[in-house]
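Residue-level listing of the chains:
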Amino acid sequence: MTSQSHSTQPLSQPTARPLNRNDYKTLGLSSLGGTLEFYDFVIFVFFTKTLSHLFFPGDNAFIAQMQTLGIFAAGYLARPLGGIIMAHYGDIIGRKRMFTLSIFLMAVPTLVIGLLPTYASIGIAAPLLLLLMRIMQGAAIGGEMPGAWVFIAEHTPKQRYGLGVGTLTSGITGGILLGSIVAIIVQRSYTAQEVNDFAWRIPFILGGVFGLISVYLRRFLQETPIFKEMAEKKALAQEMPVVSVIKNHKQACLITAALTWSLSTAIVVTILMTPGVIVEGIYKIDRTTSLEANCVATLTLTLGCIFWGWIGDKLGTRASMTLSWGGLIVTAFHFYGSLDATMSGFQLAFNYGLMGFFVGAIATTPIVSTRAFPPSIRFSGLSFAYNMAYALFGGLTPMLTGIWLEKTAMAGAYYVAGVSALAIVVAFLPLAYKGWTAVTPKVREKEVALQIDKVVN
């Protein structure tokens, strides 16, 4: 009887309480780990031209760059498999173990890339090994990001939910900032020839070492209270979690996929591609100036993630998403429309930084998506929908944008504006702004009945 009385209410709901010392510790260590892991994943893009020359030598620089971007895309295509496997075990044996494993699987390939012989040394084996390392990185990041969001969402008090998830997302985007800073230091410290000869390896070796340090730090994290509660009440998923996701949570998957399209486009186009492909490639603005402006934009993006998560706690999800994604539409057109070969470094950095702040809208994606799935299949649901969508949209975006840029220099603005408008539309769906507890009574009753059955039996 006692078991049934405990299960007549939804299991595993966050409570309202102040942030405590353990919350800050968990948020700090998780964000730091996310920063180092995402640095490992994105440092590749800051050295695209160098890697193109070293691993795909040839007369056509554009084709070589597209081949390198193709290997970058391969990392995205590997995300779903890695994400589904790690999420499956994250819903069955615990969030923390998979959270630690993912960063280990990222650190090792990053270190290997830094030590990899080039085409000139081992021929075709060089790009093939590079591809293999990117696939391994993609599998790792597929488990890391959904795992990190679920981990923090289940640790954070409900009135600070947006702030917690937004802060973690800022830590992840801080990896891009760290990559920008390291790239600038390398560019300023070494000549172009020295970068090609050996200096390009430094960021990858550092990333591998930092990643292994992060593996150690995550030993000090605790399992989430929600997972512990589900384990105690025997309310963990009984069938393969991803099967339950596909059968019973289609709308949550579609919402997550749509917002992932918005997130992936905002990051890939505005932050990862713009410095080299658009600012430097089309407008011939100095590479160091371009990277410095990108560094400013990434810093404001990091701050924006925290701000828009906090605004969501204060004003609600619909207001936060409308203001942030609407602002991104306006600032994207302003930024790409104002680009000019003669503009000053200050003006470039200011416009880029302004747009970057509104790119912080990406924090609303995990805020909505983690809330859209019930706890027993949350990791698998988020990982499946997010990684499948990112594999498609994140993987194709660099090549599609590159082709579109052959037609118009405003391609970035058009693409970003389109997916931002999509995010605003999604924000007004009840499941998006209320969460899984607000689904139709029939579905809600089914979830409670399943929980009761699991506890009783």
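Within each chain, residues carry numbers counting from 1 in the order of the written sequence. Note on the predicted model: pLDDT of at least 70 is required for a residue's local features to be given, and 80 or more for side-chain atom pairs to be given and counted; whole-chain, interface and lining totals, by contrast, use all residues. Calculation of side-chain values draws on the structure's entire complement of heavy atoms; hydrogens and water are dropped beforehand.

1. Observations regarding the packing of helix H19 (residues 378–405) against helix H20 (residues 411–427)
To obtain an axis, a line is fitted to C-alpha atoms, over the contacting stretch when the element is a helix, and the angle between two such axes runs from 0 to 180 degrees between their N-to-C directions. Only runs of H or I of at least four residues qualify as helices and only runs of E of at least two qualify as strands under DSSP, and these elements are numbered from the N terminus. At a minimum axis distance of 9 Å, the contact between H19 and H20 shows a crossing angle of 130°. By the angle class used here, H19 and H20 are oblique. Within the contact between the two elements, H19 uses Thr397, Thr401, Trp404 and Leu405 and H20 uses Ala411, Tyr414 and Tyr415. Of the residues belonging to the contact of H19 with H20, the class tally is five nonpolar, two polar and no charged. For classification purposes, an angle smaller than 35 degrees is called roughly parallel, one larger than 145 roughly antiparallel, one from 65 to 115 roughly perpendicular, and anything else oblique. Here, two residues are considered to be in contact whenever any of their heavy atoms come within 4.5 Å of each other. Note that Gly is not counted as nonpolar here; it falls among the polar residues with everything else outside the nonpolar set of Ala, Val, Leu, Ile, Met, Phe, Trp, Tyr, Cys and Pro and the charged set of Asp, Glu, Lys and Arg.

2. Brief notes about the confidence of the model for the chain
Looking at the chain as a whole, the pLDDT averages 81, with 81% of positions reaching at least 70. pLDDT is a residue-level measure of predictor confidence that goes from 0 to 100. Mean pLDDT in the chain bottoms out at helix H1 (residues 2–7), which sits at 35, and peaks at helix H16 (residues 317–338), which reaches 97. Segment residues 1–12 is flagged for pLDDT under 50; beyond a separation of four residues in sequence, or across chains, it makes 20 contacts in the model. Within the model, pLDDT remains below 50 along residues 448–457, and this stretch shows 18 contacts once partners closer than five positions in the same chain are excluded.

3. What about the packing of aromatic side chains?
Each Phe, Tyr or Trp ring, with Trp reduced to its six-membered ring, pairs with another whose centre is within 6.5 Å; inter-plane angles below 30 degrees give stacked pairs, above 60 give edge-to-face pairs, and intermediate values give tilted ones. Evaluated as defined, the whole model comprises 18 aromatic pairs. Ring geometry for Phe55 against Trp200: centres 6.0 Å apart, planes inclined by 90°, an arrangement best described as edge-to-face. Linking Phe55 in helix H3 (residues 48–55) with Trp200 in the loop between helix H10 (192–199) and helix H11 (201–217), this pair joins segments that are 145 residues apart in sequence. Like Phe55, the residue Trp200 is buried in the burial classification. Consider the rings of Trp404 and Tyr415, whose centres lie 6.2 Å apart with planes at 45°: the pair is tilted. On the criterion of sequence distance, the pair formed by Trp404 in helix H19 and Tyr415 in helix H20 is long-range, its members being eleven residues apart. Burial here depends on accessible area, computed with a 1.4 Å probe over protein chains only, as a share of the maximum for the residue type. Under 20% is buried, over 50% is exposed, and the range in between is partly exposed.

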